[in-house]
Amino acid sequence: MNFSEVFKQSNQLCKVSPNGKYLATCVQYRLVVRDVSTLQILQLYTCLDQISHMEWSSDSLFVLCAMYKRGLVQVWSLEQPDWHCKIDEGSIGLVSSRWSPDGRHILNTTEFHLRVTVWSLRTKAVSYIKYPKACQKGIDFSRDGCYLALAERRDCKDYISVFVCDDWHLLRHFETETQDLAGLEWSPNGCVLAVWDSCLEYKVLLYSLDGRLLSTYSAYEWSLGVKTVSWSPSSQFLAIGSYDEKVRILNHITWRKIVQFEHPATIDNTKATVYKEVERRPAVPSDELLLHNITMGSTLFNTQSKYEICELPVQIPLVKPEPDRANPKIGVSVLAFSSDSRYLATKNDNMATAVWVWDVQKMSLEAVLEQTSAVRCFQWDPQHPRLALCTGNSKLYLWSPGGCVSVQVPAEGGFQVQSLMWHCSGNSLILLGKEQLCLCYMETEQEEQ
Amino acid sequence: MPEVPLVKDVRRSSVECRTPPLRQFSLPSLLLHRSPHTLRAFCTEQNVQECLSHINQEVSSLGLPPVWSELDSSSELNNVSVLNCMYDLIQLHHRSLRTLENMEVEQIKLSSNVDYLKLTTGHLKEQLELSKRENTGLLERERQLQLKVKSLQNCLKNEKEEVQKLQSIISSRASQYNHDMKRKEREFNKLKERLNQLLADKKERKQAIDVLNNMGRADGKRSLWKTEKTKAKHEGEMYKTLLCDYDSRQRELVLENAELKKVLHQMKKEIAATLRLRKLSLKGEKPDLGGTQAASEEEEEEMFDSSKESVELNCVHAREKLTNSIRLQWRKLKSHVERLDSQVFLTQAGESTNGDAVPRETHEEEMERLKLEIQQCKDFIQTQQQLLQQQLSSPCDEDAATLLNDGYMLQEKVRLRDEWKILEEQRKIFEKERKNFTEAAIRLSHERKIFEEDRATWLKHQFLNETKVSSLLAPEKLIDCHLDAASSTPDVSLTSPSVADLQHKLSLIPENRSTKPKRQSEDTNDLCGNDHLQDKQWTDSEDLSSHSLTQEKNCTI
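Residues numbered from 1 in each chain as written. Chains lettered and ligands numbered in written order. Predicted model: local features only at pLDDT ≥ 70, side-chain atom pairs only at ≥ 80, totals over all residues. Heavy atoms only, no water.

Chain B is annotated in an unreviewed UniProt entry as Synovial sarcoma, X breakpoint 2 interacting protein b of Kryptolebias marmoratus. Within the UniProt record for chain B, the comment given under Sequence similarities (unreviewed entry) is "Belongs to the ADIP family." (UniProt positions renumbered as here; feature names shortened; annotations may be inferred.)

Looking at an unreviewed UniProt entry, one finds chain A named WD repeat containing, antisense to TP73, with Kryptolebias marmoratus as its source organism.

A.B. asks: Hey, could you run me through the overall build of chain B in this one?
C.D. replies: Scanning chain B from N- to C-terminus turns up 13 helices and one strand. Going from N to C terminus, chain B has its helices and strands arranged as α-α-α-α-β-α-α-α-α-α-α-α-α-α. For chain B, the residues scored as buried account for 18% of the 557 residues in total. Carbon and sulfur atoms form 58% of the exposed surface of chain B, whose accessible area is close to 44,200 Å². (Helix = DSSP H or I, 4+ residues; strand = E, 2+ residues; numbered from the N terminus. Buried < 20%, exposed > 50% of the residue type's maximum accessible area, 1.4 Å probe, protein only. Areas by Shrake-Rupley, 256 points an atom, 1.4 Å probe, with all protein chains shown as cover.)

A.B. asks: Please clarify how the overall build of chain A should be interpreted in this entry.
C.D. replies: Scanning chain A from N- to C-terminus turns up one helix and 41 strands. Split into buried and exposed, the 449 residues of chain A put 57% on the buried side. Within chain A, counting contacts between residues at least 6 apart in sequence, those at least 24 apart form 44% of the total. In the form shown here, chain A has an accessible surface area of approximately 18,900 Å², with 48% of it arising from carbon and sulfur atoms. (Contact = heavy atoms within 4.5 Å.)

A.B. asks: Help me understand the interface of chain A and chain B in this model?
C.D. replies: Contacts between the two partners involve 69 residues from chain A, matched on the other side by 52 residues from chain B. Linking chain A with chain B are two salt bridges, by the criterion used here. Every element with two or more residues in the side of chain A that touches chain B is listed here: β10 (84-88), β13 (115-120), β18 (169-175), α1 (287-296), β29 (304-310) and β38 (403-408) of chain A. Classifying every residue of the side of chain A that touches chain B by side-chain character gives 30 nonpolar, 20 polar and 19 charged. Relative to strand β1 (residues 208-211) of chain B, β10 of chain A runs antiparallel, the two being bridged by four bridges. Bridge assignment links Cys-85 of chain A to a residue of β1 of chain B, and that residue is Val-211 of chain B. (Salt bridge = Lys/Arg side-chain N within 4 Å of Asp/Glu carboxyl O. Nonpolar A, V, L, I, M, F, W, Y, C, P; charged D, E, K, R; others polar. Pairing = 2+ DSSP bridges.)

A.B. asks: Explanation requested: the pattern of salt bridges in the structure shown.
C.D. replies: Opposite charge on two side chains allows them to pair when their charged atoms are near. All names here are of chain A. The tally for this structure, following the rule as stated, stands at 29 salt bridges over all chains. Arg-153 is the salt-bridge partner of Asp-158, the closest N and O atoms lying 2.9 Å from each other. A residue is classified by how much of its surface remains accessible, and Asp-158, at 1% relative accessible area, is buried. By relative accessible area, Arg-153 is classed as partly exposed at 30%.

A.B. asks: Looking at this model, I keep getting lost on a negative patch on the surface. Mind explaining?
C.D. replies: A contiguous patch of negative charge, built from Glu-361, Glu-364, Glu-365 and Glu-368 of chain B, is present on the exposed surface. Relative to the helices and strands, Glu-361 of chain B resides in helix α8 (residues 354-393). (Patch = residues over 30% accessible without salt bridge, like charges linked within 9 Å, V, L, I, M, F, W, Y side chains within 5 Å. Lys, Arg positive; Asp, Glu negative; His and termini not counted. Charge placed at Lys NZ, Arg CZ, Asp CG, Glu CD.)

A.B. asks: Any chance you could explain the UniProt feature "coiled-coil region" (unreviewed entry) in chain B here in plain terms?
C.D. replies: The positions UniProt marks with the feature "coiled-coil region" (unreviewed entry) are residues 142-208 and 250-277 of chain B. As annotated, residues 250-277 of chain B has a helix share of 100% and a strand share of 0%, and its two end C-alpha atoms lie 40 Å apart.

A.B. asks: Could you clarify how one ought to interpret the environment of Val-278 of chain A in this entry?
C.D. replies: All names here are of chain A. Here Val-278 is to be found in strand β28 (residues 273-280). C-alpha separation for the pair Val-278 and Thr-372, spaced 94 residues apart in sequence, amounts to 7.4 Å. With residues up to four places along the chain from it excluded, the contact list for Val-278 reads Gln-304, Ser-305, Lys-306 and Glu-308.

A.B. asks: Is there a simple way to explain the pairing of strand β32 (residues 343-348) of chain A in this structure?
C.D. replies: Every other side chain in a regular strand lies on the same face of the sheet, so the side chains alternate between the two faces. Residue and element names in this part refer to chain A. With six of its six residues buried, β32 lies for the most part within the structure. Side chains of β32 alternate between two faces, with Tyr-343, Ala-345 and Lys-347 and Leu-344, Thr-346 and Asn-348 buried alike. As defined by bridge partners, strand β31 (residues 332-337) adjoins β32 across five bridges and the pair is classed as antiparallel. If you follow Phe-337 over to β32, its bridge partner there is Leu-344. If you look at the hairpin formed by β31 and β32, you'll find five residues sitting between the two strands, and Ser-341 has a positive phi there, around 60°. As paired strands, β32 and strand β33 (residues 354-359) are joined by four bridges and run antiparallel to one another.

A.B. asks: Just to check I follow, could you spell out the pairing of strand β11 (residues 96-99) of chain A for this structure?
C.D. replies: Residues and elements named next belong to chain A. Two strands pair when backbone bridges link them, and β11 and strand β12 (residues 105-109) are joined in this way by four bridges, in the antiparallel orientation. Counterpart to Ser-96 in the pairing with β12 is Thr-109. What sits between β11 and β12 in their antiparallel hairpin is a turn of five residues, with Gly-103 showing a positive phi close to 75°.

A.B. asks: Just checking my understanding: could you explain the sheet that holds strand β35 (residues 377-380) of chain A for this structure?
C.D. replies: Hydrogen bonds between backbone atoms are what pair the strands of a sheet, whose relative direction is either parallel or antiparallel. All names here are of chain A. Spatially, four strands are ordered β35-β36-β37-β38 in an open sheet, and the strand pairing comes out antiparallel. Two strands in the sheet have a free side with no partner beyond their single neighbour: β35 and β38. Strand-to-strand twist of the sheet, defined as the mean angle between neighbouring strand axes without regard to direction, takes the value 20°. Relative to strand β36 (residues 387-390), β35 is paired through four bridges, and the arrangement is antiparallel. Within β36, the residue paired with Trp-380 across the bridge is Leu-387. (Axes fitted to C-alpha atoms, helices over the stretch in contact; angles between N-to-C directions.)

A.B. asks: Explanation requested: the environment of Arg-115 of chain A in the structure shown.
C.D. replies: Here Arg-115 of chain A is to be found in strand β13. A sequence separation of 14 residues divides Arg-115 of chain A from Ile-129 of chain A, and the C-alpha atoms of the two residues are 5.6 Å apart. The contact partners of Arg-115 of chain A, leaving out residues within four places of it in the chain, are Ile-92, Asn-108, Thr-109, Thr-110, Tyr-128, Ile-129, Lys-130 and Pro-132 of chain A together with Gln-207 of chain B. A polar atom in the side chain of Arg-115 of chain A sits 3.0 Å from the side chain of Gln-207 of chain B. (Polar contact = N/O pair within 3.5 Å; in protein donor to acceptor, adjacent residues only side chain to side chain.)

A.B. asks: Would you mind going over the state of the cysteines with me for this structure?
C.D. replies: A covalent bond between the sulfur atoms of two cysteines is referred to as a disulfide. Residue and element names in this part refer to chain A. Overall, the coordinates contain zero disulfides over all chains when judged by the stated rule. Lacking any disulfide linkage, Cys-65 is separated from the closest cysteine sulfur, that of Cys-47, by 3.9 Å. Lacking any disulfide linkage, Cys-165 is separated from the closest cysteine sulfur, that of Cys-146, by 7.3 Å. (Disulfide = S-S within 2.5 Å.)

A.B. asks: Please explain the side chain of Lys-395 of chain A as it appears in this structure.
C.D. replies: Residues and elements named next belong to chain A. Relative to the assigned elements, Lys-395 resides in strand β37 (residues 395-400). For the buried Lys-395, which has no salt bridge, the nearest side chain bearing the opposite charge is Glu-279, at an N-O separation of 4.2 Å. Setting aside chain neighbours within four positions, we find Lys-395 in contact with Glu-277, Glu-279, Thr-303, Gln-304, Ser-305, Cys-390, Ser-406, Val-407, Gln-408, Val-409 and Val-417.

A.B. asks: How should the packing of aromatic side chains be read in this particular structure?
C.D. replies: Where two aromatic rings form a pair, the distance of their centres and the angle of their planes describe that pair. Residue and element names in this part refer to chain A. Counted by the stated rule, this structure contains 16 aromatic pairs over all chains. Between Trp-380 and Trp-399 the ring centres are 6.0 Å apart and the planes differ by 85°, which places this aromatic pair in the edge-to-face class. Here Trp-399 lies in strand β37 and Trp-380 lies in strand β35, a separation of 19 residues in the sequence. For Trp-380, a relative accessible area of 7% corresponds to the buried category. Each residue in the set Phe-62, Trp-83 and Trp-99 is aromatic and connected to the rest through ring pairs, giving one cluster. (Phe/Tyr/Trp six-rings, centres within 6.5 Å; stacked < 30°, edge-to-face > 60°.)

Right, dumping it as structure tokens:
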């Protein structure tokens, strides 16, 4: 495992191009495009204000930089650095901006979600979509880039509009049976749209591409409901994480629950392995070596840690949330399927230091990783069944079915890993600190001796 | 009448007098045993004394004054004492009668009392029974009521918990609503402020886009107008996607179904086979052959049916038949296994465990082996973890790593330096050689030039010598003749082609500087030689000339 040197970035804006060749980062109001393998700066663009959002187009030729305060969007071309494009939303303001899947249209959501403006970079034409809904996830493109589903709210009722991304033709517009739609997501095969209600009511609706209601699922009434929803990459399973600390998995044939995963505070009676991170305190240095150690830099303050396999039963530390606050920190808030749909990683908010890995084939718990501090971010490798996670300290943790490992990120002055993302080839990881970023190159099997 | 009661009393007294000892008078005792009519026989004239003494005894024993004392000399009875005695006796008798009456009365009273008491006890017992029953009934009711109370308490607890849960739900919902309300209110306020700002704002910043040049479509195609046709096309595409998805799903399900059916068939066959084996083995033990026969018939039927079933794959009936037959077979197998288990248990309990100890032992051995394996695997995993950790932590061990890196770097540097030296030397050598070659080439060209010049002069001399022979010919022809003479063929007359050839040859000769002397001599020899082979000679020379041409060319280069 090799680590690159540390570069500057701001706002955690750092994205790899879809073709995997370039890495774009934002430093205040500059956009820096580097080559992923050599990390040489290929292009440097200057925007008019601090960049709030940055996104690659699907063909990896253009980068969109949105500045929400100024209401501006600037688009830069990689091939022609002189090419420029600026979209000014004017007095209406800007709240979010994104590319369309063909890489030639930009969808801007105005302030107060008044409307969604579709700018065409081909013809400079403008289209408007009215009454978009301001919710957790109100807009989603299908994976093949053909359709856009948008949640709308008119007359205190929720609707969904399905557009064809080719020419923004409104294909379907139907009312949903939700009280207050919180989010929608296309299945990876693009044929089913999962729609879920706000946390006040547990309701998940499944609509077919042509607007027919296929099924409704509601696990219980009255208590706080759905927190997060995730499709498996094979479109076979829909995992629903809710405030009752359980994950329910529906199958795509009958849309009924096939299994329920619970997150008890005491793990017992399971064949899973529990990995516990144990920190090794550094040895107290003698006087002679003190100077030497200080000159070596931050090794004095970095504690080594490793994983130990715990014997069952194991107690996971629990933090009870305040009962009177809204959106309590309880329940399954993050769900992630591995790329082969074999594993599902979950995090329960009141056990923030633990990550649970479930085997979807056997429908049982595979492993539990207990860290020393709260897990901030975890992501699956896009190619292999490997999970990378970080907890805000200077270490990177990796889990694979073969075992678990903790790696110290070697950087001067300490590098607190706040979030991470995999490169689309699965060969490298991008680690983001507060104002820094670092790349970690995984050893491929040919390089291993 | 006094006689009658006397008789009665005498009777009674005789009865009573049975008990006192009558030692001397056995006869009177005998008499007394008889009926009272023989009373008079007690005292006869013979035994008066004895009777007197006896009566005296009796009277004295009764506590009365004696009737007769021995001191009296007369043997006659004292009438007064006798009368007194009789009177006393009568009094005693009366008294005893009275007491008897009283006692009878008492007895009657007592018996009536006893009866009454018996009655009352009977009543009381009944009452007791009743009350006991009532008591048990009451206890039972109390128990039931207590149970009810407990269950009601439980219900109450549950309800309380439910209420608490609902209260917490309500409170969380309320907090959620409040939070949302506040959020919406904040947004509303922001909107109002914005509206005010916009109304107050004189210059309105319009939306605008500024693109350097329009981009083409990502896929290079031309965009189409929005028409009904495109709408229909979009609809069509959407349905196509859906249909493809359904198609693929259906295919998968059909495959899965086929596999499952295969598995079921296989299971059925295997179960049937094992059952038949078991039945054959158990036939000697079990007397119910009728059942097995029927079962085997059923199996045959089912085997026959399986062929039909494979044809009617989608028929609901076939599916049901299959599942039912499997269930039946499975139940039979289960019952067989249970029977076997019970048999095994009986034999284990009854016989010595010799035959069974072996499997048990093997079981235990297996268990031990497996446990050992598990332990080994665990240890292995632990060591792997450690090694993995070590391997990945060691690069972070900076001291050793940097030293190692430096060492490797130095090695690399030294190696590269050596290689560079070697390459430099080789380059120098190559340079030298190249220089030599060029010098040699230059020298060679010089020499060639000189040589050509020499040749030319030599030839010139030759020609000059020959011109004396044929001075009539034109200088060219002279040259031709020279050549002919040089060739020294007897045929002096030259045919035109040969002349042309000669000319060709001659014209080539001045360029023909690089021909080696050896070849030259060969050529002349050839020329001298044969005139049949003239053409060949010319061709040879032409070849030579072409060769020399190329050589010349090389030289010039």
